[in-house]
Amino acid sequence: MRSSSHLLFFFFFFFCLHLLRTSNGQPEPNTTGITCTNQTASPCQTYAFYRATAPDFLDLASIADLFSVSRLMISKPSNISSPSTALVATQPLFVPLTCSCNSVNSTTTISYANISYTINSGDTFYLVSTNKFQNLTTYQSVIIVNPTLVPTNLSIGVNAIFPIFCKCPNRTQLQNQVNYLVSYVFQPSDSLSSVASTFGVQQQSIIDVNGDSFQPFNTIFIPVTRLPELSQPVAVAPSPSPPPPPPASEETDQREGVVTGLAIGLGITGLLLLLLSGLWVYRETVLKNRRAMEEDKEKQSQLLRKEGKGLKKMESNLMADVSDCLDKYKVFKIEELIEATDGFSESSLIQGSVYKGCIDGEVYAIKKMKWNAYEELKILQKVNHGNLVKLEGFCIDPEDATCYLIYEYVDNGSLQLWLHGNKQEKLNWRTRLRIAIDVANVLQYIHEHTRPRVVHKDIKSSNILLDTNMRAKIANFGLAKSGCNAITMHIVGTQGYIAPEYLADGVVSTKMDVFSFGVVLLELISGKEAIDEEGNVLWAKTSGILEGNEERKANRVKKWMDEVLKAESCSMDSVVNVMSIAIACLHRDPSKRPSMVDVAYALCKSDDLCSDISDDGMSSTLVLAR
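One structure accompanies this document, and this report is about it. As a convention, each chain's residues are numbered from 1 in the sequence order in which they are written. It should be noted that, the model being predicted, local features are given only for residues of pLDDT at least 70 and side-chain atom pairs only at 80 or more, the latter also being counted only at that level, while totals for whole chains, interfaces and linings use all residues. The side-chain figures draw on all heavy atoms in the structure; neither hydrogens nor water molecules are used.

## Section: the overall build of the protein
Selection criterion: Secondary structure elements are taken from DSSP: a helix is a run of H or I of four residues or more, a strand is a run of E of two residues or more, and numbering for both begins at the N terminus. Here the term buried applies to any residue with accessible area under 20% of the maximum for its type, exposed to any over 50%, and partly exposed to those in between, with areas from a 1.4 Å probe on protein chains only. The Shrake-Rupley method, run with a 1.4 Å probe sphere, supplies the accessible areas, and residue values consider only the shown protein chains as cover.
Across its full length, the protein carries 19 helices and 21 strands. Looking at the protein residue by residue over its 626 residues, the buried ones come to 45%. Carbon and sulfur atoms provide 53% of the accessible area of the protein, an area that totals close to 32300 Å².

Structure (structure tokens):
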């Protein structure tokens, strides 16, 4: 009965809220999700602002289980001294999220953290979204990302994805030192000034990210350089309420005689019996609650001991998993990494969660992993190619089992920076061709010469790094998969580079890398980004570009070309040849795309690369931007 009354209360409350918004002419909160546009880093690490609630979420263990993280990952950013600390109602918390762009259909990509939830008795998408996840998502969005589940017929024990709304900073925000966009649900009692004060930011910065319309229960994003220090209350056990006083006896009517007196006596006796029964029930309830509190404390202690053992076990398991390559990779100490990066300070940050650090005179790129790095390590053990960023070693922090991968530092940064950044020097055509061939060769290697085959799944210009000789190296195997021709429901990657069959059906194959490489070729030719600020993808604009005779093809391709290449007067035959390779890679039918063996061979036939290019000659590969 109690559960049913709760359901009726929530339904009535939100129905009234909907009527109030409608009558006031205010727009309803965003229900389908946050569209991915102009995000610099995806996936990224961010946080959600969450409040402890009674009765189910007054301890870090239950909240950590809900969001599939550890208690330490909540207690540290939330300024809580111990993971076993009991919480009080409405106590504020910062819960870590891994935010990424995810395709929900052929035309829509939204940004959310992928949280898996097991359906319990009485659960509905609506109740879990509004109650347990506190409107950090909506039931409409849950329905969209779970197309195989019937909302009105959920089976107990089935897993559903709850998309927690989040957002990654764009390039401008990162330049303005915005490291996190914290997901925050705007409350009916909130004002813009109170929210800005809580996070220590300017009101205008919140408006710049979210617009100027703030509706109750809408998820908004708070731009912060670092998380504010939360002022945590001290949990105080509520004092038991005294039993209600017995009702006053009625005045005795002297005129009613013996019968009335007898009735009053019986009434008083009944009241005394009721009072004694109430006191007995109250005593039993207090004793039961006390026993329950003692049991909870014992469970928390066991969980804390278990978590400590779990961290040690995770460290031991990872060390065992990579024990066969300990002679190949150096095992660094966490103290070395902290010293090399000045405590992982912002001044050492390169991009995302990658830091630059110097250890024993050698410069490294240090990648901090929120989750177990075993899958990435397992793939990196299998591959060895000159055009792959070399893994030098790894480290496991014994405090929280955080993993770190230590790579060689590649001097000249990413291809994205050279093509779309503000560098005064730009790449000439010969250098761009050489980069394309380097990437094609290494993709051919991981597709054809590893068993099982490796699919990178995130080929893009920001994952292509350039060394001192402007030779390309592929980085970031965080999304890579060993084995192909599989189906997945968890769509990851970067918008603008993702193959259509992967977006639509979750098909993982080497041909999705071929598609992404075709987008990179378009970037090399045009100097344009894979997706513009309006969310339009570059590859969709290639239709009909190679139709007609040779002269028409050349004229259309010339309109596509980077202005730097036009000024250079490079060979149009060579550019048209590369454009034809790119369009072949972008065929919507993956079976009709060429293999990377064919792509590498076709690129090497380019007129501009008939003569050998030595490493010494690469110094002339730059031209000043006009």
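The discussion continues.
## With respect to the pattern of salt bridges
Put simply, the test is: When a carboxyl oxygen of Asp or Glu is within 4 Å of a side-chain nitrogen of Lys or Arg, the pair counts as a salt bridge.
For the structure on display, the rule yields 14 salt bridges. Notably, a salt bridge pairs Asp 532 with Lys 541, separated by 3.7 Å at the nearest N-O pair. Overall, the relative accessible area of 24% leaves Asp 532 in the partly exposed class. Each of Arg 434, Asp 438 and Arg 471 takes part in a single network of salt bridges with overlapping partners.

## Things to note about a nonpolar patch on the surface
For clarity, the cut-off: Residues enter a patch when their relative accessible area is above 30% and they make no salt bridge; the linking distance is 9 Å between like charges and 5 Å between nonpolar side chains (Val, Leu, Ile, Met, Phe, Trp, Tyr).
On the surface, Ile 268, Leu 272, Leu 273, Leu 275, Leu 276 and Leu 279 cluster together into a nonpolar patch covering about 540 Å² of accessible area. Tracing the chain through its elements places Leu 272 in helix α9 (residues 257-321).

## Examining empty space enclosed by the protein
Under the convention used in this document: Here a cavity denotes a set of grid points, spaced 1 Å apart and computed over the protein atoms alone, in which a 1.4 Å probe fits but from which it cannot get out, and a pocket denotes an open set meeting protein on both sides within 12 Å along at least five of seven lines; residues with an atom within 4 Å of a point are reported as lining. Grid points are joined across faces, edges and corners, and a volume is the space filled by probe spheres set on the points. Each residue is assigned to one class: nonpolar for Ala, Val, Leu, Ile, Met, Phe, Trp, Tyr, Cys and Pro, charged for Asp, Glu, Lys and Arg, and polar for all the others, Gly among them.
Following the criterion strictly, the structure yields two cavities of 30 Å³ or more and no others. Approximately 60 Å³ is the volume attributed to the largest cavity. In terms of lining residues, the largest cavity is bounded by Lys 457, Asp 458, Ile 459, Val 492, Gly 493, Thr 494, Tyr 497, Ile 498, Ala 499, Tyr 502, Met 512 and Ser 516. Looking at the lining of the largest cavity residue by residue, the classes come out as seven nonpolar, three polar and two charged.

## Focus on the sheet that holds strand β10 (residues 354-359)
Test applied: Should DSSP find at least two bridges between two strands, the strands are regarded as paired.
Ordered by their spatial adjacency, six strands build an open sheet running β8-β12-β13-β11-β10-β9, and the pairing between neighbours is mixed. Since the sheet does not close on itself, it has two edges, and those belong to β8 (330-331) and β9 (349-351), each with one partner.

## A short note on helix α19 (residues 596-604)
Think of an α-helix as 3.6 residues a turn; residues three or four steps apart then line up on the same face. The test is simple: Note that the arc is defined by the directions from the helix axis to the C-beta atoms. We call two residues contacting when some pair of their heavy atoms lies within 4.5 Å.
Every buried residue of α19 is listed here: Met 596, Val 599, Ala 600 and Leu 603. Each buried residue of α19 lies within a common arc of 95° when the element is viewed along its axis, so the set occupies one face. Of the surrounding secondary structure, the elements contacted by the buried residues of α19 are α13 (429-448), α15 (510-526) and α18 (572-585).

## Re the state of the cysteines
Selection criterion: Criterion for a disulfide: a pair of cysteine sulfur atoms within 2.5 Å.
For the structure shown, the criterion picks out two disulfides. Note on cysteine connectivity: Cys 44 is disulfide-linked to Cys 168, with sulfurs 2.1 Å apart. Disulfide Cys 44-Cys 168: the torsion about the S-S bond is -95°, which places it as left-handed. Pair noted here: Cys 44 is in strand β2 (residues 44-51) and Cys 168 is in the loop between β5 (159-165) and α6 (171-175), with a separation of 124 residues, a long-range link. Each member of the pair Cys 44 and Cys 168 is classed as buried.

## Description of the pairing of β10
Two faces belong to every sheet, and in a regular strand the side chains alternate between them. Only one face of β10 is covered, namely the one carrying Tyr 355, Gly 357 and Ile 359; the face carrying Val 354, Lys 356 and Cys 358 has none of its residues buried. Here β9 runs beside β10; their pairing, made up of two bridges, is antiparallel. Note on β10: the bridge partner recorded for Gln 351 is Val 354. Connecting the antiparallel pair β9 and β10 is a turn made up of two residues, with Gly 352 showing a positive phi of about 60°. Pairing of β10 with strand β11 (residues 362-369), which is carried by six bridges, proceeds in the antiparallel orientation. Across the sheet, Tyr 355 pairs through a bridge with Ile 366, a residue of β11. Count of turn residues in the β10/β11 antiparallel hairpin: two residues, of which Asp 360 carries a positive phi of about 55°.

## Some remarks on the packing of aromatic side chains
Describing an aromatic ring pair means giving the distance of the ring centres and the angle of the ring planes. Convention followed: The criterion for an aromatic pair is that two Phe, Tyr or Trp rings (for Trp, the six-membered ring) have centres within 6.5 Å, with stacked assigned to planes under 30 degrees apart, edge-to-face to planes over 60 apart and tilted to the rest. Throughout this description, the term charge over a ring refers to an Arg CZ or Lys NZ atom that lies within 6 Å of the ring centre and within 35 degrees of the ring normal.
For the structure shown, the criterion picks out 19 aromatic pairs. Ring geometry for Tyr 184 and Phe 199: centres 5.7 Å apart, planes at 90°, overall edge-to-face. Taken as a pair, Tyr 184 in strand β6 (residues 180-185) and Phe 199 in helix α7 (residues 192-199) lie far apart in primary sequence, 15 residues in all. Considered together, Tyr 184 and Phe 199 belong to a single accessibility category, that of buried residues. Residues Phe 344 and Tyr 355 carry aromatic rings whose centres are separated by 5.2 Å and whose planes lie at 80° to one another, so their mutual orientation is edge-to-face. A residue pair is termed long-range when its members are at least 10 positions apart, and Phe 344 in the loop between α10 (334-340) and β9 and Tyr 355 in strand β10 qualify at eleven residues. What makes Phe 344 buried here is its relative accessible area of 15%. Three or more aromatic residues joined by ring pairs make a cluster, and in this case those are Tyr 47, Phe 49, Phe 94, Tyr 180, Tyr 184 and Phe 199. Looking at Lys 368, its charged tip hangs above the ring of Phe 344, at a distance of 5.3 Å from the centre.

## What about the packing of α13 against α15?
Which entries qualify depends on this criterion: All axes are obtained by fitting lines to C-alpha atoms, using only the stretch in contact for helices, and the reported angles, taken between N-to-C directions, cover 0 to 180 degrees. Here the angle decides the label: under 35 degrees means roughly parallel, over 145 means roughly antiparallel, 65 to 115 means roughly perpendicular, and every other value means oblique.
In the contact formed by α13 and α15, the axes pass within 11 Å of each other and the chain directions differ by 175°. Taken together, the axes of α13 and α15 lie roughly antiparallel to each other. Facing α13, whose interface residues are Trp 429, Arg 432, Ala 436, Val 439, Ala 440, Leu 443, Ile 446 and His 447, α15 presents Thr 510, Asp 513, Phe 517, Leu 521, Leu 524 and Ile 525. Among the residues making up the contact of α13 with α15, the classes are represented as ten nonpolar, two polar and two charged.

## Let's talk about the side chain of Arg 593
Worth spelling out the cut-off: We call two N or O atoms a polar contact when they sit within 3.5 Å, provided that within protein one can donate a hydrogen and the other can accept it, with sequence-adjacent residues counted only if both atoms are side-chain atoms.
Along the chain, Arg 593 turns up in the loop between α18 and α19. With a relative accessible area of 3%, Arg 593 lands in the buried category. Within the local environment of Arg 593, its side chain forms a polar contact with the side chain of Glu 501, the two groups lying 2.8 Å apart. Within the local environment of Arg 593, its side chain forms a polar contact with the backbone oxygen of Lys 511, the two atoms lying 2.8 Å apart. Filtering out sequence-adjacent residues up to four positions away, Arg 593 remains in contact with Ala 499, Pro 500, Glu 501, Lys 511, Met 512, Val 514, Phe 515, Ala 584, Cys 585, His 587 and Arg 588.

## As for the packing of α7 against helix α8 (residues 203-210)
Relative to each other, α7 and α8 sit at 105°, their axes nearing to 9 Å. With respect to α8, the element α7 is oriented roughly perpendicular. Residues Leu 192, Ser 193, Val 195 and Ala 196 of α7 pack against Gln 203, Ile 206 and Ile 207 of α8. Class assignment for the residues of the contact of α7 with α8 results in five nonpolar, two polar and no charged.

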